[in-house]
Amino acid sequence: MRTVRGAGLLSLCAQAALLGLLAGAVGLTAVGWITAAAYSLIANALFFRALTRSGASAVGAANLVTLTRSTLAGGVTALVFSTVTQRADIAAILALAGIALALDGVDGWIARRTATTTAVGARFDGEVDAFLILVLSIYVARSLAWAPVIGLMRYVFFAAGVMPWMRAELPARYWRKVVAAVQGIALAVVASGLLPRQAAEITLAAALLLLVESFGRDVWWLAAHHEYAAAATPPTRLRRVASRVTTCAAVLLLWTTLVAPDRPASLTFSSFLRVPIEGLAIAAIALVLPTRPRVLLAGITGFVLGGLTILRILDIGFFSVVDRPFNLITDWGSFGPAIGVLRDSVGRAWTDVLTTAAIAVIVVALIAIALATVRVSRTVARHRVASISAITSLALVATLCAALGISPKTGTAVASASSADLVSTQVKRIKAGLDDQHSFDAQLAEADRFALTPSNQLLTALRGKDVLLVFVESYGQVAVQGSSFSPQVDDVLTQGTKTLDAAGFSSRSAFLTSPTFGGVSWLAHSTLQSGLWVDNPARYDQIIASKRLTLSVAFKRAGWRTITDIPSSKSPWPQGQSLYQFDTMYGTDDVGYKGPAFSYAKIPDQYTLQAFYQRELQPTQRKPVMAEIDLVSSHTPWAPLPQMVPWDDVGDGTVYNPMPAEGQNPSVVWRNANDVKTAYGQSIQYSLTALISFIQRIHDNNLVVVMLGDHQPATIVTGQNASHDVPITIIAHDPKVMDRIASWGWEDGMLPDPQAPVWRMDTFRNRFLTAYGPQGSQGSQGSPVGYSP
């Protein structure tokens, strides 16, 4: 047997030796070293301090096994956190984690056989389990973002110990060890990558349910026995003060939860000065219920209020970015692409950190609000006279203020039913979302006259033309009208019109009302191409599964070679085949780019256009081309930005190598709204300049370009209550192409003024196919359709 001090030194040496071995074998980063070293020092310090205070003179064989497991957990920590900047060595992670999990039953068996079971050893064994599970869950979050919920559960339970009743001694349960072992095994299996994604999700969901059941049973036991525990352990002065502070914090948290607004514009101090009617109801019910029903009802109510708080946060986020609230039915499909955009903008490592932090905040919020509700209800039940007085006084204040017309802010009342209103609103949104899906199914089932049109009758007026449908990311009405940066953008368009006029091109412009705002570009793309209003991810999924005729399919049937060029796409895009049926799809890795990325925009727009020309337009022996091209240099965060270079110097893109360092850092730009607006304006100027210069340079007499925005930028640029309108311009060298749309009433040039026609984006497909079909001279008549979303 070893002395306590000697064992402590031996443990630290073993950890250092393991880290050194791993560094030599697979490589460790500074982040991995530091994280593992910090864990080892803290774990050893806490364990040996507790062991010394318990009066132990030796460590014991069982504790030596647990220390070995802790050392292995430190090695896993080093490997996992090294993946922030290097590829993971999954074999090493699984080997160390597997040994640590296998030894989990050995230390307990030794302690029981040698009669050396101690509270300190059992606690240390449990904490090693918890930390190893946390680290494995962080690694698995690379593929399943919600996995850290499993790892954080133990630490949320520990944090809840700020409430005295949550610190009581729990009765021993072997089931806890079983559940902990299941978590480690499940995480290790999922981390191995052997399971398909759906099987991995089911495996972790089952493990999480077991964990929730286990912790839930412990919380229930503590809640049911808290009065006995309190009587058995008289509170000290410090604990009494801490208890009162905790109660005040619980009341404040519950009050804030009940009156918090769900829109950014309503986030003012005065909005939190209202009296929550639901809070008075919770307190009144707590006065009449016995202990167990009161605790159960308060816990359920708290979780519901926590869920409503998450919905409020989502509403605020959606209003800030896409200018509408979150929909429980239709918007779940937005999170995956949003995480993808974040990953492309800040990198995988920071995305993993931010995603894990967001999940942790959600879990903590749900549990904290539930515990706060339970605490407030218990306090009300204990102090009946004071509670009745407080409830009566607040109700009278709210009633008198309503009668006298006194309010904390114009248009609001002192009495607040925000949570009840939010529940009502969510129910209506859910019903509307379900009804919308049925309605859209009916639209998809309707006969589409263009789908029945023979191929030789489609797009006859464009035969022999190369047609480019160019989406300029975030190119909205604010770019050309009524903003601090619109004069500079207008100058680019005005000068571009003159330049192209001199080259023999003509152009006409108007506005389209986009189905989306601030992001979710694919909704605009599918709306324009399909001629149906696709304004949420659920509708997008529906139309992807349909056989709807899109513009690209119409061109393909009429004899064009169809192409999409999405420079921001690295992963496979099955929609390109199922809905749009493109013959060729270019992504980030398909155009020979060897230059640097510019945040989200992996490839500068100028290079995108040059590479497209070389691959598709320059060859002489080819079919006419129809292509959808996305120009993404104007995608948020709008920094750093590339600069135009001579076309002959574009090459493989290495000419752009110094530009990111010379440009602005997004984290600096986004500290100030005016700087964000300036960067946005500059990005639009760059994208438009690149496209205009490209058209002038290739000077193709058979070229037709439809240039438009997909949506307005986020509200930080547009301000509140902005329209959903985006500019659209058709550019062509052949006058006959422009004659076909003379009846549309669009304005000459590339810059539409405020009086320009405004059409819904879903009306464009039918008008375009009609104008350039056999009856275009008669069929393109009709007044523009105005729309206000």
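It should be emphasised that the depicted structure is a prediction, and the values quoted were computed from it without experimental measurement.

Calculation criteria
- Residues numbered from 1 in each chain as written.
- Predicted model: local features only at pLDDT ≥ 70, side-chain atom pairs only at ≥ 80, totals over all residues.
- Heavy atoms only, no water.
- Helix = DSSP H or I, 4+ residues; strand = E, 2+ residues; numbered from the N terminus.
- Buried < 20%, exposed > 50% of the residue type's maximum accessible area, 1.4 Å probe, protein only.
- Contact = heavy atoms within 4.5 Å.
- Phe/Tyr/Trp six-rings, centres within 6.5 Å; stacked < 30°, edge-to-face > 60°.
- Pairing = 2+ DSSP bridges.
- Core = buried A, V, L, I, M, F, W, Y, C linked by side-chain atoms within 4.5 Å.
- Salt bridge = Lys/Arg side-chain N within 4 Å of Asp/Glu carboxyl O.
- Patch = residues over 30% accessible without salt bridge, like charges linked within 9 Å, V, L, I, M, F, W, Y side chains within 5 Å.
- Areas by Shrake-Rupley, 256 points an atom, 1.4 Å probe, with all protein chains shown as cover.
- pLDDT = per-residue confidence, 0-100.
- Expected span 1.5 Å × (residues − 1).

Draft legend 1. Here's a closer look at the overall build of the protein chain. Helix and strand counts for the protein chain stand at 30 helices and 11 strands. Among the 789 residues that make up the protein chain, the fraction classed as buried is 50%. Excluding contacts between residues fewer than 6 apart, the proportion of contacts in the protein chain whose partners are at least 24 apart in sequence is 77%.

Draft legend 2. Inspection of the packing of aromatic side chains at higher detail. In this structure the tally under the stated criterion is 18 aromatic pairs. Here the aromatic rings of Trp744 and Trp759 are separated by 4.9 Å at their centres, their planes lie at 70°, and the arrangement is edge-to-face. Taken together, the residues span a long stretch of sequence, with Trp744 in the loop between helix H28 (735-739) and strand S10 (747-748) and Trp759 in strand S11 (residues 758-760) at a distance of 15 residues. Each of the two residues, Trp744 as well as Trp759, counts as buried.

Draft legend 3. Representation of the pairing of strand S3 (residues 466-472). With 7 of 7 residues buried, S3 is to be regarded as a mostly interior element. Residues Asp466, Leu468, Val470 and Val472 line one face of S3 and the alternating positions Val467, Leu469 and Phe471 line the opposite face, and both faces are buried. In this sheet, strand S8 (residues 703-709) lies alongside S3 in parallel orientation, the contact comprising 7 bridges. When the sheet's bridge partners are listed, Val470 is paired in S8 with Met707. When S3 meets strand S7 (residues 625-631), the two strands line up parallel, connected through 6 bridges. The residue bridging Leu469 from the neighbouring strand is Glu628, located in S7.

Draft legend 4. Looking closely at the nonpolar core. By size, the foremost hydrophobic cluster in this structure holds 56 residues, and its most contacted members are Leu468, Tyr475, Leu688, Phe694, Ile695 and Met707. Within the residue set of this core, elements represented by two or more residues are S3, helix H18 (486-502), helix H23 (605-617), S7, helix H26 (673-698) and S8. Considering every element that reaches this core, the biggest residue donor is H26, with 11 residues. The residues contacting Met707, other than those within four sequence positions of it, are Val470, Val472, Tyr475, Leu493, Leu688, Leu691, Pro727, Ile728, Thr729 and Met750. Counting residues in hydrophobic clusters, the runner-up holds 55 residues, among them Phe48, Val76, Leu144 and Leu204.

Draft legend 5. The arrangement of the pattern of salt bridges in detail. A full pass over the atoms with the stated rule returns 21 salt bridges. Between Arg69 and Asp129 there is a salt bridge, and its shortest N-O distance comes to 2.2 Å. Taken together, the residues span a long stretch of sequence, with Arg69 in helix H3 (residues 61-82) and Asp129 in helix H6 (residues 119-140) at a distance of 60 residues. The network of salt bridges with common partners includes Arg69, Asp125, Asp129 and Lys177.

Draft legend 6. Spatial organisation of a nonpolar patch on the surface. On the surface, Trp220, Leu296, Ile300 and Val304 cluster together into a nonpolar patch covering about 370 Å² of accessible area. Examining the composition of the nonpolar patch, we find that 3 residues originate from one element, helix H13 (residues 291-322), more than from any other. Of note, Trp220 is situated in helix H9 (residues 197-224). Overall, Trp220 belongs to the partly exposed group, its relative accessible area being 38%.

Draft legend 7. Structural view of the side chain of Arg294. Within the element layout of this structure, Arg294 appears in helix H13. By relative accessible area, which is 7% here, Arg294 ends up buried. With residues near it in sequence (within four places) discarded, Arg294 still touches Ala286, Leu289, Ser377, Arg378 and Ala381.

Draft legend 8. Quick peek at the confidence of the model for the protein chain. The predicted model of the protein chain averages 83 in pLDDT, with 88% of residues at 70 or higher. Within the model, the stretch residues 778-789 combines pLDDT values under 50 with 25 contacts to residues more than four positions away or in other chains.

Draft legend 9. Broad picture of the side chain of Gln183. Of note, Gln183 is situated in helix H8 (residues 174-191). Assessed through its relative accessible area of 1%, Gln183 is described here as buried. Sequence-distant contacts of Gln183, defined by excluding residues within four places in its chain, comprise Ile133, Ile150, Ala207, Leu208, Leu210 and Leu211.

Draft legend 10. Spotlight on the environment of Glu201. If you trace the backbone, Glu201 turns up in helix H9. Taking the C-alpha atoms as reference points, Glu201 and Trp146, separated by 55 residues in sequence, lie 9.7 Å from one another.

Draft legend 11. Inspection of the environment of Pro290 at higher detail. As for its placement among the helices and strands, Pro290 is situated in the loop between helix H12 (277-288) and H13. Residue classification places Pro290 among the partly exposed positions, given a relative accessible area of 49%. Along the chain, Pro290 and Ala381 lie 91 residues apart, while their C-alpha atoms are 8.9 Å from each other.

Draft legend 12. Local environment of H8. The end-to-end C-alpha distance of H8, which contains 18 residues, comes to 26 Å, matching closely the 26 Å that a straight helix rising 1.5 Å per residue would cover. Looking at the buried positions of H8, the neighbouring elements they touch are helix H4 (90-102), H6, helix H7 (148-159) and H9. Gly193 lies just past H8 and shows a positive phi near 80°.

Draft legend 13. Spatial organisation of the pairing of S8. Counted residue by residue, S8 has 7 buried out of 7 residues, so it is predominantly covered. In S8, alternate side chains face the same way, and those of Leu703, Val705, Met707 and Gly709 on one face and Val704, Val706 and Leu708 on the other are all buried. Looking at chain direction, S8 and strand S9 (residues 725-732) are connected through 5 bridges and run antiparallel. Residue pairing for S9: Val706 is matched across the bridge by Ile730.

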